[in-house]
Amino acid sequence: MRVQIAEILDTQSKIVAFDGPAGSGWAYWHGSTEPQAGAYDVELEVPDVVSSWTLTTGPDLITGEYSRREVTLRGSVQSVGEDDVVALRIDRDIVLVEVGADITEASIGDSVEFTTSSLLLYPYAM
């Protein structure tokens, strides 16, 4: 996913605010260098097990404010693995999400929305 790091929110913890094709949010930077404002290609990771989500409609979404310590994501289910991992498409990118056993069942093509306590960004070179 291509994102624009808009602001460094916490230099010690490497927390950044970013803008991307599906919206704006905040995340922990996991690059080998210190985060700086600018454009990056990143892999987005949801570190928490998702225990609930809502079947919904609407455009893909990433939104969240650091002050609330949460991020909301909305995307479409692309695959459901037997190992409790669901592949979600958010814009043009795939995000793998580990889901809990009691989560509402979703089928391929369904749009789901959930909130997590944080995101991780892993930059890579194209």
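Criteria and thresholds
Residues numbered from 1 in each chain as written. Predicted model: local features only at pLDDT ≥ 70, side-chain atom pairs only at ≥ 80, totals over all residues. Heavy atoms only, no water. Patch = residues over 30% accessible without salt bridge, like charges linked within 9 Å, V, L, I, M, F, W, Y side chains within 5 Å. Areas by Shrake-Rupley, 256 points an atom, 1.4 Å probe, with all protein chains shown as cover. Salt bridge = Lys/Arg side-chain N within 4 Å of Asp/Glu carboxyl O. Lys, Arg positive; Asp, Glu negative; His and termini not counted. Charge placed at Lys NZ, Arg CZ, Asp CG, Glu CD. Helix = DSSP H or I, 4+ residues; strand = E, 2+ residues; numbered from the N terminus. Contact = heavy atoms within 4.5 Å. Polar contact = N/O pair within 3.5 Å; in protein donor to acceptor, adjacent residues only side chain to side chain. 1 Å grid on protein atoms, 1.4 Å probe; cavity = no way out; pocket = protein on both sides within 12 Å on 5 of 7 lines; lining within 4 Å. Points joined across faces, edges and corners; volume = space filled by probe spheres on them. Nonpolar A, V, L, I, M, F, W, Y, C, P; charged D, E, K, R; others polar. Pairing = 2+ DSSP bridges. Core = buried A, V, L, I, M, F, W, Y, C linked by side-chain atoms within 4.5 Å. Buried < 20%, exposed > 50% of the residue type's maximum accessible area, 1.4 Å probe, protein only.

A. Main features of a negative patch on the surface. A contiguous patch of negative charge, built from Glu82, Asp83, Asp84 and Glu98, is present on the exposed surface. Tracing the sequence through the fold places Glu98 in strand β9 (residues 93-98).

B. Molecular detail of the environment of Thr116. Within the secondary structure, Thr116 sits in strand β10 (residues 111-116). Spatially, the C-alpha atoms of Thr116 and Arg69 are 8.7 Å apart, while their sequence positions differ by 47 residues. Not counting residues within four places of it along the chain, the set of residues in contact with Thr116 comprises Val46, Asp48, Arg69, Glu70, Val71 and Leu73. Here the side chain of Thr116 touches Asp48 through a polar contact of 2.8 Å, side chain to side chain.

C. Quick peek at the layout of surface pockets. Volume-wise, the largest pocket comes out at about 170 Å³. Considering the residues around the largest pocket, the lining is formed by 13 residues, among which Val80, Val99, Ile103, Glu105 and Ala106 are closest to the centre. Taken together, the residues of the lining of the largest pocket break down into eight nonpolar, three polar and two charged.

D. Main features of the pairing of β10. Of the pairings in the sheet, the one linking strand β5 (residues 54-56) to β10 comprises three bridges and is antiparallel in character. In the sheet register, Leu55 faces β10, and the bridge partner there is Val112. Alignment of strand β7 (residues 71-80) against β10, held across six bridges, turns out to be antiparallel. Following the sheet pairing, Ser76 is matched in β10 by Ser111.

E. Representation of the nonpolar core in the model. Ranked by internal contacts, the top residues of the largest apolar core, which has 31 residues, are Trp53, Ile62, Leu119 and Leu121. Broken down by secondary-structure element, the contributors of at least two residues to this core are β1 (2-10), β2 (15-20), β3 (23-29), β4 (38-45), β7, β8 (85-90), β9 and β10. Beyond its immediate sequence surroundings of up to four residues, Leu119 is in contact with Phe18, Trp26, Ala27, Tyr28, Leu44, Glu45, Val46, Pro47, Ile62, Val71 and Leu73.

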